[in-house]
Structure formats: structure tokens, C-alpha cells
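# Descriptive analysis of the structure
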Amino acid sequence: MDANLQNIRLQSLTRSITGKIQMDVLRTDLLHPVVSGNKWFKLRYYIEEARLLQKKTIASFGGPYSNHLVATAFAASAAGMKSIGYVRGETPHVSNPSLTEARNYGMQLYFLGRTEFAVQKRTTTHSEDSYFIPEGGYGSKGAAGAATMLQTIDSRAYTHILCACGTGTMLAGLIKAADAGQQVTGISVLKNNTSITDEVNALLKEDEKKKKFQILHGYHFGGYARHPATLLACIRTLWEKEQLPTDIVYTAKLLYAAFDLEQQAYFPEGSRVLLIHSGGLQGNRSLPPNSLPF
Ligand SMILES: *Cc1c(COP(=O)(O)O)cnc(C)c1O
């Protein structure tokens, strides 16, 4: 898949609130302007398998603002395959940037009502010609791909690794890649997504389940894609003070949580904290124009 891993770098945050810990951000958003961050990593082994099996088409599922579908469309086209996206919800009257982008990468979109979508998702399997990737890239191949995010840097010196989570696939990958002593913490961006712990565990082997990890449910800001004024203020401050762009759905909630946890002394003095910037900046396009300074 056509993306440049060399673009990924670490950014040290200049301000820790207490001055007692060090926080660095792994900028996987710099991977590619459209298919940034964790989506590419989660897809890489699915695409590799589809290629080995000489499939002609990749099919997957997502909501109408799905970063995953856009990334799938891109990855399929880069690998010389066709793509099909099943979109949850009736055909929208107006398209949106995500759907337009997916179409631009050649993805054929089918809009399904909620019930039909659920049925289609349950019944779709690989066929002779097409390879099926689960919604959000959730699955062991997705987690294995996400684990390689930590290979882009030397991550051993960090005491804590934090990421945002939706399906928990990236979190599962980071747990797999983490050393036994490292604490891995997921910030759930969905409201009351209590089944996520089971879903993460389902991707882990027995010895990986014993590693130190935790999912926090107090930073969803009202639910998926909700972005109250406090979150937007956090995004502006991060840009002004750190030149760090974040998105309303995932990474701003992660950064907000990290500072809040620091204030609550979640990180012992001297901790070295790695925050995974998982991309998703295109999600900010759903805001009114000029809402943000970047
Ligand atoms: C999809 C996405 C996530 C969530 O990843 P999961 O593996 O589903 O938990 C986090 N951050 C960004 C930017 C994303 O696009």
C-alpha cells in the first residue's frame, strides 16, 4: 500500500500541566493526507491477504462518515483492486466529503437501511472474487497491523501508551506490541460502550490478556462525534500552544483525557507518556467553515 512510513514522527509536548511527566505524541496522522493514521495500519494485513488470494474486489462496511471506508477505497485502489462499500443509512440527499472521497478512489457505494445493513454485515463472507474486511477493520489481522504502529519508533522508554478507541482494534494491537511493564490505556469515544473490553479481549491471546491495560469511559463528551465547546477550546489551545492538529471525533478526546489524567495524578512522577495521534483530521470537515484555526 502506497503510504510513506518515514513521514511519521514523534512530537514532544512542551507543556505538561504539572511539569512532572513527559508527553510525546506519535504523529501517524502524517502518514498520508487522506488515509492517515491507524486506518492504514489496521488494513495492511487484510490487503496483503486479499492480494495473495488474488481477489479482485474488496468489500467493507461503515457509517456515512466512515474514515474506514475512505481508507479501504484508497488501499484497494493502490493495490489495483476494486472496492465496494456498504453504507449504513438510506441514500443521503447530499453527499459528504467522506463519501465523495471514497467514490473518487473508485469505491462503489450501496446504501442500506439499518436492518438491511445488519443483515448484510452478518451474512457477507469472502467469495471467489471478493475479499471482505469487517467494519472498522475489527479482527485479528486489524490488530496485528495496528501493532506495527509502535515499530515506527523506539517505544521501549515509555511507561504509558494511550490511544482513542472506537472498535478497540488499535488498542488490542498496541497491547500486543507493548512490553510487559508498559501501561496501555484506551479512551473510549463512544458513550456506554461497555462491550468494548470483551471485544478487545477477543483479539488477545491468553498471555496478552494479562498485560496492563485499561479502558476509560469518562471522556466521550456526550458520545460519538459530539464536540461541545470545551472540546473545541481544547483543540484550539493544542494548536496555539503546540501546533498540534487534532480531530473532534478521536484525537482531541485523547489529548483532553491525557491532560485531565495528569492533573488527577494518574501518571506517577517521571512517567514518559506516549499518545498515539491516530489521524482522522478529515473528520473536522463536518464543522462549519473556519471553526478551527487549521
Ligand atoms: C477509527 C479511528 C480510531 C478508532 O480505532 P479503533 O481501532 O476502531 O478503536 C481512532 N482514531 C482515529 C483517528 C480513527 O480514525
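The preceding data block contains the structure.
Predicted model only: the values in this text are computed from it and were never measured.

### Some remarks on the nonpolar core
Counting residues in each nonpolar core, the largest one holds 46 residues, and the members touching the most others are I47, I58, L171, L174, V200, L274 and I276. Those elements giving two or more residues to this core turn out to be α1 (38–52), α2 (67–78), α5 (140–147), β7 (160–165), α6 (169–177), α7 (196–201), β9 (213–216) and β10 (272–277). In terms of residues, this core owes the most to one element, α1, which gives 6 residues. Discounting chain neighbours no more than four positions away, the residues touching V200 are G168, L171, A172, I175, F213 and I215. By size, the runner-up hydrophobic cluster in this structure holds 32 residues, among which are V25, A164, L254 and L275.

### Concerning the packing of aromatic side chains
Applying the stated criterion to the full structure yields 11 aromatic pairs. An aromatic cluster is built from F61, Y86, Y110, F117 and F132, whose rings are joined through pairwise contacts. Its guanidinium or amino end placed over the ring of Y250, K39 lies 5.5 Å from that ring's centre, counting from NZ or CZ. The ring of Y158 has R272 lying over it, and the distance from NZ or CZ to the ring centre is 4.8 Å.

### Some points on α5
Structural remark: α-helix, 3.6 residues per turn; residues separated by three or four positions point the same way. Listing the buried residues of α5 in full gives G142, A143, G145, A146 and A147. Elements in contact with the buried residues of α5: α1 and α6.

### Thoughts on the packing of α5 against α6
Between α5 and α6, the least distance of the axes is 7 Å, while the angle of their chain directions is 55°. Viewed along their axes, α5 and α6 adopt a mutual orientation that is oblique. Between α5 and α6 the crossing geometry is right-handed. Between α5 and α6, the residues in contact are G142, A143, A146 and A147 and T169, M170, A172, G173, L174, K176 and A177, respectively. The class makeup of the residues in the contact of α5 with α6 is 7 nonpolar, 3 polar and 1 charged.

### Quick word on the site of the ligand
Neighbouring the ligand are 14 residues; K39, K42, G166, T167 and S278 lie closest to it. Contacts to the ligand include T167, whose side-chain N or O atom sits 2.6 Å from an oxygen atom. Between the ligand and M170, the relevant distance is 2.9 Å, taken from an oxygen atom to a main-chain nitrogen or oxygen of the residue. Computed on the free molecule, the ligand has an accessible area of 390 Å², of which 97% lies beneath the protein chains in the complex. Looking at the shell around the ligand, the elements that each hand over two or more residues are α1 and α6. Considered class by class, the residues forming the shell around the ligand number 3 nonpolar, 9 polar and 2 charged.

### A look at the sheet that holds strand β3 (residues 57–62)
Reading across the sheet, the 4 strands line up as β5-β4-β3-β6 and stay open at both edges, with parallel pairing between neighbours. Of all strands in the sheet, those with a lone pairing partner are β5 (107–112) and β6 (130–132), marking the two edges. Looking at each pair of strands side by side, their axes are set apart by 25° on average, direction ignored. Sheet topology places β3 next to β6; 3 bridges connect them, and they run parallel. Following the sheet pairing, T57 is matched in β6 by S130. Helix α4 (residues 114–123) contacts β3, β4 (82–88), β5 and β6 of the sheet and is inclined by roughly 135° relative to β4.

Each value, and the rule that gives it
Residues numbered from 1 in each chain as written. Predicted model: local features only at pLDDT ≥ 70, side-chain atom pairs only at ≥ 80, totals over all residues. Heavy atoms only, no water. Core = buried A, V, L, I, M, F, W, Y, C linked by side-chain atoms within 4.5 Å. Buried < 20%, exposed > 50% of the residue type's maximum accessible area, 1.4 Å probe, protein only. Helix = DSSP H or I, 4+ residues; strand = E, 2+ residues; numbered from the N terminus. Contact = heavy atoms within 4.5 Å. Phe/Tyr/Trp six-rings, centres within 6.5 Å; stacked < 30°, edge-to-face > 60°. Lys NZ or Arg CZ within 6 Å of the ring centre and 35° of its normal. Axes fitted to C-alpha atoms, helices over the stretch in contact; angles between N-to-C directions. Parallel < 35°, antiparallel > 145°, perpendicular 65-115°, else oblique. Left-handed = near helix turned anticlockwise from the far one by under 90°. Nonpolar A, V, L, I, M, F, W, Y, C, P; charged D, E, K, R; others polar. Near = heavy atom within 4 Å. Polar contact = N/O pair within 3.5 Å; in protein donor to acceptor, adjacent residues only side chain to side chain. Areas by Shrake-Rupley, 256 points an atom, 1.4 Å probe, with all protein chains shown as cover. Pairing = 2+ DSSP bridges.

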